[in-house]
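# Chains, contacts and geometry: an overview
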Amino acid sequence: MRAVVFEQYQTFPSLTDVPKPTPGPGEVLLKVAGAGACHSDVAVYREFQEGQPGAQSPSFVLGHENSGWVEAVGDGVTGFTEGDAYLVYGPVGCGHCSYCSKGQDTYCENAATNPYMGIGLGRDGGMAEYVSVPARNLVPLGDADPVAAAPLSDAALTPYHAIKNSLPNLAGGGRFALVVGLGGLGQIAVQILTALTGATVIATDMKQDAMDRAAARGAITVPGGPDQAAAIREITGGRGIDAAFDFVGATPTIKVAQASMAVGGRFTVVGIAGGTTEWNFFATPYESTITNTYWGTIEDLHEVVAMYRAGQIVPDVERYALADALEAYRKLEAGELSGRAVVVPTL
């Protein structure tokens, strides 16, 4: 079968022929409906080096945002019907530590000794015609479009988990939420915040078209610039933001969100651009929190799918044939995508 393969560090992937996978015990083979191209994939093949924390040894098929139809099952697997559509939960932990037992595979206590981080992250992913995954990692999609659903396994799951953890800060009237960075995750974050809270959503980005899309979804937008934090505070009447989410994670974006916080606010850094910040007792709103999150739980993904099926989450996707998958990655690197690139092998 054809697949997009990460073959060596700091090298662009290749589209090549690999053996069709066979599902092992406890696994399900999916015919891939869609596979999202994510900036994390770019980090895998552009940024990481051998031995670096988080690096996944080549070679393997990329693609950690996957959906598909049941093709076959391995030994010991029951309850799946051929042709049914599922979304794939990407993280794969040890399966038996305290975090994995709660569905928090991203925080697996044995991550350092696991053979891989997840599907498409050390283990063969879904940027191919077929992918084999643990049965436990499948979330049913019913009659919802599986192609548009593919990026939800990261681009919706990640902001959903961060927002869910911050819901106490947004409960009640007169609350304000801030979304910094309006790429794939940020656009879905605006939708999740609108569906789950009554907060006024403020969104900011350097790209006008991204802000226009967020505004169409009900957000108040603020352009970048030296007065960015002051403009955000002015919208809140000077009180500040109750819950902020930075989907970039660079030092300048962290500083903007930090300067916008209210007393008792919660600021979650979701993006992994490697930014840093300083803390000062007198310059920090009292009882405000800076934290971070990584991906989400499988329970969260079931809830994300429920929102998708209810029409509360509508991802922006650009569809590509598998033959054009490398072009999708080139556009992703160049910042030329207005939505999430989804590779559709059946096109």
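On a predicted model such as this, the values are computed, not experimentally measured, just so you know.

### Focus: the packing of aromatic side chains
- Under the counting rule described, the total for this entry stands at ten aromatic pairs.
- Centroid distance Phe-281 to Tyr-286: 5.9 Å. Interplanar angle 65°. Geometry classified as edge-to-face.
- An aromatic cluster is present here, built from Trp-279, Phe-281, Phe-282 and Tyr-286 joined pairwise through their rings.
- Above the face of the Tyr-130 ring, Lys-20 is positioned so that its terminal group lies 4.2 Å from the ring centre.
- Between Lys-102 and the ring centre of Tyr-99, over which it is positioned, the NZ or CZ distance is 4.9 Å.

### A look at the UniProt feature "domain: Enoyl reductase (ER)" (unreviewed entry) in the protein
- Per the UniProt record, "domain: Enoyl reductase (ER)" (unreviewed entry) is found at residues 10–343.
- Between the end C-alpha atoms of residues 10–343 there is a gap of 22 Å, over a span that is 28% helix and 25% strand.

### Some thoughts on the environment of Thr-197
- Checked against the element boundaries, Thr-197 lands in the loop between helix H4 (184–196) and strand E12 (200–205).
- On a C-alpha basis, the gap between Thr-197 and Leu-167 in space is 7.7 Å, while along the polypeptide they are 30 residues apart.
- If near-sequence neighbours (up to four positions away) are discounted, Thr-197 is found in contact with Leu-167 and Leu-170.
- Polar contacts involving the side chain of Thr-197 include one to the main-chain carbonyl oxygen of Leu-193, which spans 2.8 Å.
- Within the structure, Thr-197 has its side chain in polar contact with the backbone nitrogen of Ala-199 (distance 3.2 Å).

### Remarks on empty space enclosed by the protein
- One pass over the full model with this rule turns up two cavities of 30 Å³ or more.
- By volume, the largest cavity is sized at about 60 Å³.
- In terms of lining residues, the largest cavity is bounded by 15 residues, among which Gly-184, Gln-187, Ile-188, Pro-315 and Asp-316 are the most central.
- The element contributing the most residues to the lining of the largest cavity is H4, with four residues.

### Details of helix H7 (residues 251–258)
- Those residues of H7 not exposed but buried are Thr-253, Ile-254, Val-256, Ala-257 and Gln-258.
- Where H7 is buried, its residues contact strand E11 (176–180), helix H6 (228–235), strand E14 (241–246), strand E15 (261–269) and strand E16 (289–292).

### Focus on the layout of surface pockets
- In this structure, the second largest pocket spans a volume of roughly 190 Å³.
- Lining the second largest pocket are 16 residues, and of these Met-1, Pro-19, Pro-21, Val-61 and Asp-124 sit closest to its centre.
- Counting only elements with at least two residues in the lining of the second largest pocket, the list comes to strand E4 (60–61) and strand E9 (130–134).
- If you tally residues by element for the lining of the second largest pocket, the top one is E9, at three residues.
- Of the residues that constitute the lining of the second largest pocket, the class distribution is nine nonpolar, four polar and three charged.

### Some points on the packing of helix H1 (residues 39–47) against helix H9 (residues 325–334)
- At their nearest, the axes of H1 and H9 sit 10 Å apart, and the two run at 95° to each other. The angle between the axes of H1 and H9 places the two elements in the roughly perpendicular class. When H1 is examined against H9, the residues His-39, Asp-41, Val-42, Tyr-45 and Arg-46 are found in contact with a partner set consisting of Tyr-329, Leu-332 and Glu-333.
- Here the contact of H1 with H9 is composed, by residue class, of four nonpolar, one polar and three charged.

### Considerations on the pairing of strand E17 (residues 317–321)
- Sheet topology places E17 next to strand E18 (residues 340–344); five bridges connect them, and they run parallel. Residue pairing across strands places Arg-319 opposite Val-342, the latter belonging to E18.
- In the classification by handedness, the crossover that spans E17, the intervening H9 and the parallel E18 is right-handed.

### Some details on the nonpolar core
- Counting residues in each nonpolar core, the largest one holds 77 residues, and the members touching the most others are Leu-152 and Val-179.
- Among the elements that make up this core, the one with the highest residue count is helix H3 (residues 152–170) (eight residues).
- With sequence-adjacent residues up to four places away left out, Leu-152 is seen in contact with Leu-87, Leu-157, Ile-188, Leu-301, Val-304, Tyr-308, Ile-313 and Pro-315.
- Core analysis: the second largest hydrophobic core is formed by 14 residues, Phe-176, Val-256, Ala-257 and Met-261 among them.

### Quick word on the pairing of E15
- Buried residues dominate E15, accounting for seven of its nine residues.
- Regarding the hand of the β-α-β motif, the stretch spanning E14, H7 and E15 is right-handed.
- When E15 meets E16, the two strands line up parallel, connected through four bridges. For Val-269, the partnering residue across the bridge sits in E16 and is Asn-292.

### Looking at the side chain of Arg-266
- Counting through the fold element by element, Arg-266 comes out in strand E15.
- Asp-300 provides the closest opposite charge to the buried, salt-bridge-free Arg-266, at an N-O distance of 11 Å.
- Of the polar contacts made by the side chain of Arg-266, one reaches the side chain of Ser-166; its length is 3.2 Å.
- With residues up to four places along the chain from it excluded, the contact list for Arg-266 reads Asn-165, Ser-166, Asn-169, Asp-242, Ala-243, Ala-244, Met-261, Thr-289 and Thr-291.

Rules and cut-offs
Residues numbered from 1 in each chain as written. Predicted model: local features only at pLDDT ≥ 70, side-chain atom pairs only at ≥ 80, totals over all residues. Heavy atoms only, no water. Phe/Tyr/Trp six-rings, centres within 6.5 Å; stacked < 30°, edge-to-face > 60°. Lys NZ or Arg CZ within 6 Å of the ring centre and 35° of its normal. UniProt positions renumbered as here; feature names shortened; annotations may be inferred. Helix = DSSP H or I, 4+ residues; strand = E, 2+ residues; numbered from the N terminus. Contact = heavy atoms within 4.5 Å. Polar contact = N/O pair within 3.5 Å; in protein donor to acceptor, adjacent residues only side chain to side chain. 1 Å grid on protein atoms, 1.4 Å probe; cavity = no way out; pocket = protein on both sides within 12 Å on 5 of 7 lines; lining within 4 Å. Points joined across faces, edges and corners; volume = space filled by probe spheres on them. Buried < 20%, exposed > 50% of the residue type's maximum accessible area, 1.4 Å probe, protein only. Nonpolar A, V, L, I, M, F, W, Y, C, P; charged D, E, K, R; others polar. Axes fitted to C-alpha atoms, helices over the stretch in contact; angles between N-to-C directions. Parallel < 35°, antiparallel > 145°, perpendicular 65-115°, else oblique. Pairing = 2+ DSSP bridges. Right-handed = clockwise from strand over helix to strand, strands pointing away. Core = buried A, V, L, I, M, F, W, Y, C linked by side-chain atoms within 4.5 Å. Lys, Arg positive; Asp, Glu negative; His and termini not counted. Salt bridge = Lys/Arg side-chain N within 4 Å of Asp/Glu carboxyl O.

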